[in-house]
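Per-entry structural report
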Amino acid sequence: MGRDNLTWVSEFVLLGLSGDQQTQAGLFVLFGATYLLTLLGNGLILVLVWLDPRLQLPMYFFLGNLSVVDICYTSSGVPQMLAHFLLEKKTISSARCGTQHFFSLALGGTEFLLLAVMAYDRYVAVCDPLRYAAVMGPRLCAGLAGVSWLVGLANTAVETAVTVRLPTCGRHVLNHLACETLALVSLACVDVTLNQAVILASSVVVLLVPCCLVALSYARIVAAVLRIRSSGRRKAFGTCTSHLTVVSMSYGMALVTYMQPRSTASAEQDKVVVLFYAVVTPMLNPLIYSLRNKEIKAALTRVLTRSSESKR
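The rules behind the values
- Residues numbered from 1 in each chain as written.
- Predicted model: local features only at pLDDT ≥ 70, side-chain atom pairs only at ≥ 80, totals over all residues.
- Heavy atoms only, no water.
- Helix = DSSP H or I, 4+ residues; strand = E, 2+ residues; numbered from the N terminus.
- Buried < 20%, exposed > 50% of the residue type's maximum accessible area, 1.4 Å probe, protein only.
- Contact = heavy atoms within 4.5 Å.
- Salt bridge = Lys/Arg side-chain N within 4 Å of Asp/Glu carboxyl O.
- Axes fitted to C-alpha atoms, helices over the stretch in contact; angles between N-to-C directions.
- Parallel < 35°, antiparallel > 145°, perpendicular 65-115°, else oblique.
- Left-handed = near helix turned anticlockwise from the far one by under 90°.
- Nonpolar A, V, L, I, M, F, W, Y, C, P; charged D, E, K, R; others polar.
- pLDDT = per-residue confidence, 0-100.
- Phe/Tyr/Trp six-rings, centres within 6.5 Å; stacked < 30°, edge-to-face > 60°.

1. Quick notes on the environment of Phe-12
Within the secondary structure layout, Phe-12 lies in strand S1 (residues 11–14). Of the residues examined, Phe-12 reaches a relative accessible area of 8% and is grouped as buried. In sequence terms Phe-12 and Ser-94 are 82 residues apart; their C-alpha atoms lie 6.6 Å from each other. Not counting residues up to four positions away in its chain, the partners in contact with Phe-12 are Lys-90, Thr-91, Ile-92, Ser-94, Cys-97, Thr-168, His-172, Leu-174, Leu-184 and Leu-187.

Okay, here's the thing in structure tokens:
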């Protein structure tokens, strides 16, 4: 197709989950409550890590970063989705679409990288406990977190640049909940070989490589724990169960979304998977870490006790 015939649209229409008004009202209440729980849960983790001196440890420093990512990630798409549940015309400008695409993708990639860093932190804690404080010093922790954010942002900048430039030749209906990469690429009326290559490279950088690092870390952890006496194995595994649960959910959803053949994936399946990852997982993360972590629960008790005493 000649370049003179190529056109770019100024806005997109998002089909969302359902066109039925009653269903949309129910979804608004459900996802609105989920969004509030996400903000409250992750916000509470941040407050506890900030206020309690006993949580000034590498594990909780990375957990704080993960909470920031979850708050920002869910806020990049859920408020718009909630608004669209109440609107008859579900449109989004191309500029806002590109912005949403960038931030949701960057924050998602940063989360995968942070989870790999947290796996390394657990590896050092279990396999080399005597040198843990020396190895996981403040400078290394800040560096690992900074690299996770920078790689996530840089990787997404490339993918967003090659995605938003695609002409759609008048096609502007996205059968999705948000401006997601694969949905945008499917509207293109030009060759998308470059986009497919960039998506694959991006998935390797922020998904496959971190997933392999997590697997390697836990393989070493399991090998180390099996050498411990049975009485100490439960405690060693207990330090990793919360993180492993979150890793399983996050990587599992992303692998299903981006690594399966496109011919076997339906639009509705993509919506459900992305919805689970974007809405449910950020809400569950703080619940998993708080319910399975005695130090978090103890920190909450101390903060509440100090707060009640200060009011007397």
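2. A word on the pattern of salt bridges
As enumerated under the stated definition, the model contains three salt bridges in all. One salt bridge in this structure joins Asp-52 and Arg-302, with 2.9 Å as the shortest N-O distance. Taken together, the residues Asp-52 in the loop between helix H1 (21–51) and helix H2 (58–75) and Arg-302 in helix H12 (residues 294–310) connect sequence positions 250 residues apart. Asp-128 serves as the salt-bridge partner of Arg-131, at 2.9 Å between the closest nitrogen and oxygen.

3. Some remarks on the packing of helix H6 (residues 138–164) against helix H8 (residues 193–226)
Where H6 meets H8, the closest approach of the two axes is 10 Å, and the angle between their N-to-C directions is 165°. Overall, the two elements H6 and H8 adopt an arrangement that is roughly antiparallel. As H6 packs across H8, the resulting crossing turns out to be left-handed. For the pair formed by H6 and H8, the contact residues are Val-151, Asn-155, Val-158, Glu-159, Val-162 and Thr-163 on the first element and Leu-194, Asn-195, Val-198, Ile-199, Ser-202, Val-205 and Val-206 on the second. Each residue belonging to the contact of H6 with H8 can be placed in one class, and the counts come to eight nonpolar, four polar and one charged.

4. Description of the packing of H1 against H2
Packing of H1 against H2 leaves a shortest axis separation of 9 Å and a crossing angle of 155°. Considering the angle they form, H1 stands roughly antiparallel to H2. Between H1 and H2 the crossing geometry is left-handed. Only Tyr-60, Leu-63, Gly-64, Ser-67, Val-68, Asp-70, Ile-71, Thr-74 and Ser-75 of H2 make contact with H1, whose side of the interface consists of Tyr-35, Thr-38, Leu-39, Asn-42, Gly-43, Ile-45, Leu-46 and Val-49. Residue classes in the contact of H1 with H2 are distributed as nine nonpolar, seven polar and one charged.

5. With respect to the confidence of the model for the protein chain
In the predicted model, the protein chain carries a mean pLDDT of 84, and 88% of its residues have values of at least 70. Within the protein chain, the lowest mean pLDDT, 65, falls on helix H9 (residues 230–238), and the highest, 94, falls on H6.

6. Describing the packing of aromatic side chains
Under the criterion given, the structure shown has five aromatic pairs. Ring centres 6.0 Å apart and planes at 20° place the aromatic pair Phe-31 and Phe-85 in the stacked group. Linking Phe-31 in helix H1 with Phe-85 in helix H3 (residues 78–86), this pair joins segments that are 54 residues apart in sequence. The burial state of Phe-31 is the same as that of Phe-85; both residues are buried. Ring geometry for Phe-112 versus Tyr-251: centroids 5.4 Å apart, planes at 25°, classification stacked. Linking Phe-112 in helix H4 (residues 94–127) with Tyr-251 in helix H10 (residues 241–258), this pair joins segments that are 139 residues apart in sequence. For the residue pair Phe-112 and Tyr-251, the accessibility class agrees, reading buried in each case.

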